[in-house]
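# Geometric and topological summary
Residue strings, one per chain:
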Amino acid sequence: MEEKKKVIFSGIQPSGNLTIGNYLGALKNWVKLQDEYDCYFCVVDLHAITVKQEPKDLRRRTLEVLAIYLAAGINPDKNTIFIQSHVPTHSEATWILNCFTYVGELERMTQYKSKSQNSGGGESVRAGLLNYPVLMAADILLYNTDLVPVGKDQTQHIELTRDIAERFNNLYSPTFNIPEGYIPEDGAKIMDLQNPTKKMSKSSDNPNSYILIMDSPEIIRKKINRCVTDSIGKVKYSDDQPGIKNLITILSAITGITHEEIEKKYEGKGYAQFKSDTAEAIINELRPLQERVNDLLKDKKYLENIYKRGAEKAYYVSSKILRKMQKKIGCIPVSRSSESY
Ligand code: AMP
Ligand code: TRP
């Protein structure tokens, strides 16, 4: 019998234009993992609405993220690619898991702390922002996921997912697989170009602080040229030089050249050449991807075919686990007619 492949689940929010942080921290690694695992890659639009979204922008960006998945090299014939809101089991499972999650646990999440501050704090913080990790836990647990490839910022959410799953399993009987995070060695955390002690984020209000996957070569050159470095003047991978360290991380994640080799190559050369080479490496990496994204976005029918097929498969797999959850907690099972999807 053919050995069953391990399952991977991951997702990106269509909450802004994707950055090279998303690309190097998430997408590039998904592409490497797709042959070895049974993969589910989701565009998590319901996570995006935990902060304010313009409906027409959300629609546009959701399709763009899907196109970026494909353009980055994720094969729709081998993987399940879908849009979260098309698969209602995610929301249903979230409600159940909410009843097995403590408010205190959610309030301790660092992402919640920083996002709730950004949204003004206090009375105006949306409950969805607090419950965000529970929806993420549902995403992961509904597929018996073994591995969750994400950037470092998501490790806390994965720990919480494991805690919720173990709690449910202990209260009833083994229901969920306990997933593990999978954090890439390089590119796990790409930093803000203007404030390199902070994570590069697509929701920053200063465009010079990030490079978007869809940025033009001129913009990329300008942003790298302007990025914050230091006055030490040595290309060195050191915590004392967070700006330079970040550029080394980026260059290394793209080219596969080690930190030491990069340091050696630019020894005694200052920053100008290093910055310019880094910009060119980014441009060369992104150019073919950008062309494919633009082509794919012209073919809405093709994209629709992919997300429809993905949603059907995801629904089929996840409803089995959802039914198991419902049964264990005491919901009465009902047999549904076949047209229920
Ligand atoms: P998000 O943009 O929050 O939807 O994140 C989608 C994926 O990209 C997650 O796996 C994140 O961990 C990853 N990611 C986002 N920003 C960065 C970054 N600056 N560096 C590395 N990975 C990132
Ligand atoms: N919360 C993740 C992020 O912001 C996105 C996400 C949602 C996700 N559901 C997921 C990632 C499930 C991995 C698995 O990066």
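What you are looking at is a predicted structure, and each value in this text was computed from that prediction instead of being measured.

### Structural notes on the site of ligand 2
Neighbouring ligand 2 are 13 residues; Gln13, Tyr132, Met136, Asp139 and Gln154 lie closest to it. Contact between ligand 2 and tyrosine 132: a nitrogen atom at 2.7 Å from a side-chain N or O atom of the residue. When ligand 2 sits alone it has 370 Å² of accessible area, and the protein chains cover 92% of it. Mapped by element, the contributors of at least two residues to the shell around ligand 2 are strand E1 (7–12) and helix H7 (127–141). Tallied by class, the residues present in the shell around ligand 2 amount to seven nonpolar, five polar and one charged.

### Side note on the domain arrangement of the protein
By the assigned domains, the protein splits into domain 1 (7–188 + 299–338) and domain 2 (215–296). Each of domain 1 and domain 2 has a C-alpha centre, and these two points are 31 Å apart. In this complex, domain 1 contributes 16 residues to the contact, which on the side of domain 2 involves 14 residues. Counting each side, the surface lost to burial between domain 1 and domain 2 is near 1200 Å², with a carbon and sulfur contribution of 69%. Of the charged contacts in the structure, one is a salt bridge between lysine 28 and glutamate 285, with a shortest N-O distance of 2.9 Å. The interface formed by domain 1 and domain 2 contains four residue pairs in polar contact (both at pLDDT 80 or more). Of all the secondary structure elements, the ones that give two or more residues to the side of domain 1 that touches domain 2 are helix H1 (20–33), helix H3 (55–71) and helix H13 (300–329). In terms of residue count, the dominant contributor to the side of domain 1 that touches domain 2 is H3 (five residues).

### Description of the side chain of asparagine 22
On the secondary structure map, asparagine 22 appears in helix H1. Note on asparagine 22: relative accessible area 17%, which makes it buried. Those residues in contact with asparagine 22 that lie beyond four places of it in its chain are Ile12, Leu27 and Lys202.

### Things to note about the nonpolar core
Leu27, Tyr69, Phe274 and Ile282 are the most contacted members of the largest nonpolar core, which has 61 residues in total. The element best represented in this core is helix H12 (residues 272–297), accounting for ten residues. Among residues more than four places away in sequence, those in contact with tyrosine 69 are Gly11, Ile12, Leu27, Trp30, Phe41, Cys42, Val43, Ile74 and Ile81. In terms of nonpolar packing, the next biggest core, distinct from the first, is built from 35 residues, Cys42, Ala137, Tyr143 and Leu322 among them.

### Points about the UniProt feature "binding site: L-tryptophan" (unreviewed entry) in the protein
The feature "binding site: L-tryptophan" (unreviewed entry), as given by UniProt, occupies Asp139 in the numbering adopted here. Relative to the helices and strands, aspartate 139 is located in helix H7. Of the residues examined, aspartate 139 reaches a relative accessible area of 2% and is grouped as buried. Among all residues touching aspartate 139, those that are not within four sequence positions of it are Phe9, Val44, His47, Gln84 and His90. Polar contacts involving the side chain of aspartate 139 include one to the side chain of histidine 90, which spans 2.7 Å.

Reading guide: rules and limits
- Residues numbered from 1 in each chain as written.
- Chains lettered and ligands numbered in written order.
- Predicted model: local features only at pLDDT ≥ 70, side-chain atom pairs only at ≥ 80, totals over all residues.
- Heavy atoms only, no water.
- Near = heavy atom within 4 Å.
- Polar contact = N/O pair within 3.5 Å; in protein donor to acceptor, adjacent residues only side chain to side chain.
- Areas by Shrake-Rupley, 256 points an atom, 1.4 Å probe, with all protein chains shown as cover.
- Helix = DSSP H or I, 4+ residues; strand = E, 2+ residues; numbered from the N terminus.
- Nonpolar A, V, L, I, M, F, W, Y, C, P; charged D, E, K, R; others polar.
- Domains from an automatic or database assignment.
- Contact = heavy atoms within 4.5 Å.
- Buried area = accessible area lost by both parts, 1.4 Å probe.
- Salt bridge = Lys/Arg side-chain N within 4 Å of Asp/Glu carboxyl O.
- Buried < 20%, exposed > 50% of the residue type's maximum accessible area, 1.4 Å probe, protein only.
- Core = buried A, V, L, I, M, F, W, Y, C linked by side-chain atoms within 4.5 Å.
- UniProt positions renumbered as here; feature names shortened; annotations may be inferred.

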